[in-house]
Amino acid sequence: MKSHSTSESSEAYIALGANLGDREGTLMEAVHRLHKHQQITVLRGSNLYETEPVGYLDQPHFLNMVVAVNTDLDPHALLKVMQEIERELGRVRHTHWGPRTVDLDLLWMEGMVEDTLDLILPHPRMEERAFVLIPLHDILPSEETSGLHSVVKTALERLDGKEGIQLWRTYNWQPESVLSES
Ligand SMILES: Nc1ncnc2c1ncn2[C@@H]1O[C@H](COP(=O)(O)OP(=O)(O)OP(=O)(O)O)[C@@H](O)[C@H]1O
Ligand SMILES: Nc1nc2c(c(=O)[nH]1)N=C(CO)CN2
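Identification of the protein chain as 2-amino-4-hydroxy-6-hydroxymethyldihydropteridine diphosphokinase from Paenibacillus antarcticus is taken from an unreviewed UniProt entry. Here the protein chain is described in UniProt, under the heading Pathway (unreviewed entry), as follows: "Cofactor biosynthesis; tetrahydrofolate biosynthesis; 2-amino-4-hydroxy-6-hydroxymethyl-7,8-dihydropteridine diphosphate from 7,8-dihydroneopterin triphosphate: step 4/4."

Here you go:
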């Protein structure tokens, strides 16, 4: 049983990206590890998209996805868990915005605004990245509860289009199947 109760917990959105090795396997393992954490429940997972690299162009295509989680961790503690998962999965990265085994970015967390050296929330580059907005849009709740809907909708309208973003695999998060494997 997870220890957190819904009254104290917050919803958060995490973007995942990988462009080295077994990209799909690594993303699935990262989602699995988030969900296995005692204080994190993965609620929803987006489809997987194959995306052209943004920023540093001379690198392989990425697979990108976004998950929604529920957690009673504070944002800094959640980021630490995410960075631990990156390390465990052997993140290799030599170039800023360059290739990596797996990258986890904390996009947004209910009611949280942060501007510290190690954490900025909402994620400062989220609104300009189609590889984040398109999977994020997949898993927004159908009703606007938080303001995130309008941020994502406005940002998607501002984008030039969905070039460079291809649906790679439809994905339906099944927590039971993950739990029964562990
Ligand atoms: N919302 C956030 N999510 C993840 N990391 C963040 C966030 N805000 C600040 N950081 C800090 O950013 C630092 C660099 O992160 P990282 O190496 O993943 O950057 P990057 O993936 O190369 O680029 P980008 O930040 O543009 O995605 C991390 O050490 C982390 O402390
Ligand atoms: N398509 C794509 N491009 C990127 C990505 C990413 O996840 N997908 N991550 C980056 C640094 O966070 C830089 N560029």
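Still more to cover.
Peer 1: Account for helix α2 (residues 75–88), naming residues and giving values.
Peer 2: For α2, spanning 14 residues, the distance from its first C-alpha to its last is 20 Å, which sits close to the expected 20 Å at 1.5 Å a residue. Buried residues of α2: Pro75, Leu78, Leu79, Val81, Met82, Ile85 and Glu86, and no others. Axial view of α2: buried residues confined to an arc of 160 degrees, hence all on one face. Turned more than 90 degrees off the buried face of α2, the exposed positions are Lys80 and Arg87. Downstream of α2 by one or two residues, Gly90 has phi in the positive range, about 75 degrees.

Peer 1: Can you break down the packing of helix α3 (residues 130–138) against helix α4 (residues 148–158) residue by residue, with the values?
Peer 2: Interaxial distance between α3 and α4 falls to 10 Å at its minimum, and their mutual angle equals 135 degrees. Considering their axes alone, α3 and α4 lie oblique with respect to each other. The handedness of the crossing between α3 and α4 comes out as left-handed. Residues Leu133, Ile134, Leu136 and His137 of α3 form the contact with α4, whose own contacting residues are Leu148, Val152, Ala155 and Leu156.

Peer 1: Would you mind going over the site of ligand 1 in detail, with residue names and values included?
Peer 2: Near ligand 1, the surroundings consist of 15 residues, among which Trp97, Leu106, Asp118, Arg125 and Arg129 are the closest. Between ligand 1 and the protein, one listed contact pairs a nitrogen atom with a backbone N or O atom of Ile120 at 2.9 Å. In the model, an oxygen atom of ligand 1 is placed 2.7 Å from a nitrogen or oxygen of the Arg125 side chain. Out of a free accessible area of 630 Å², ligand 1 has 81% covered by protein chains. Looking at the shell around ligand 1, the elements that each hand over two or more residues are α2 and β5 (103–109).

What counts and how
Residues numbered from 1 in each chain as written. Chains lettered and ligands numbered in written order. Predicted model: local features only at pLDDT ≥ 70, side-chain atom pairs only at ≥ 80, totals over all residues. Heavy atoms only, no water. UniProt positions renumbered as here; feature names shortened; annotations may be inferred. Helix = DSSP H or I, 4+ residues; strand = E, 2+ residues; numbered from the N terminus. Expected span 1.5 Å × (residues − 1). Buried < 20%, exposed > 50% of the residue type's maximum accessible area, 1.4 Å probe, protein only. Arc of directions from axis to C-beta. Axes fitted to C-alpha atoms, helices over the stretch in contact; angles between N-to-C directions. Parallel < 35°, antiparallel > 145°, perpendicular 65-115°, else oblique. Left-handed = near helix turned anticlockwise from the far one by under 90°. Contact = heavy atoms within 4.5 Å. Near = heavy atom within 4 Å. Polar contact = N/O pair within 3.5 Å; in protein donor to acceptor, adjacent residues only side chain to side chain. Areas by Shrake-Rupley, 256 points an atom, 1.4 Å probe, with all protein chains shown as cover.

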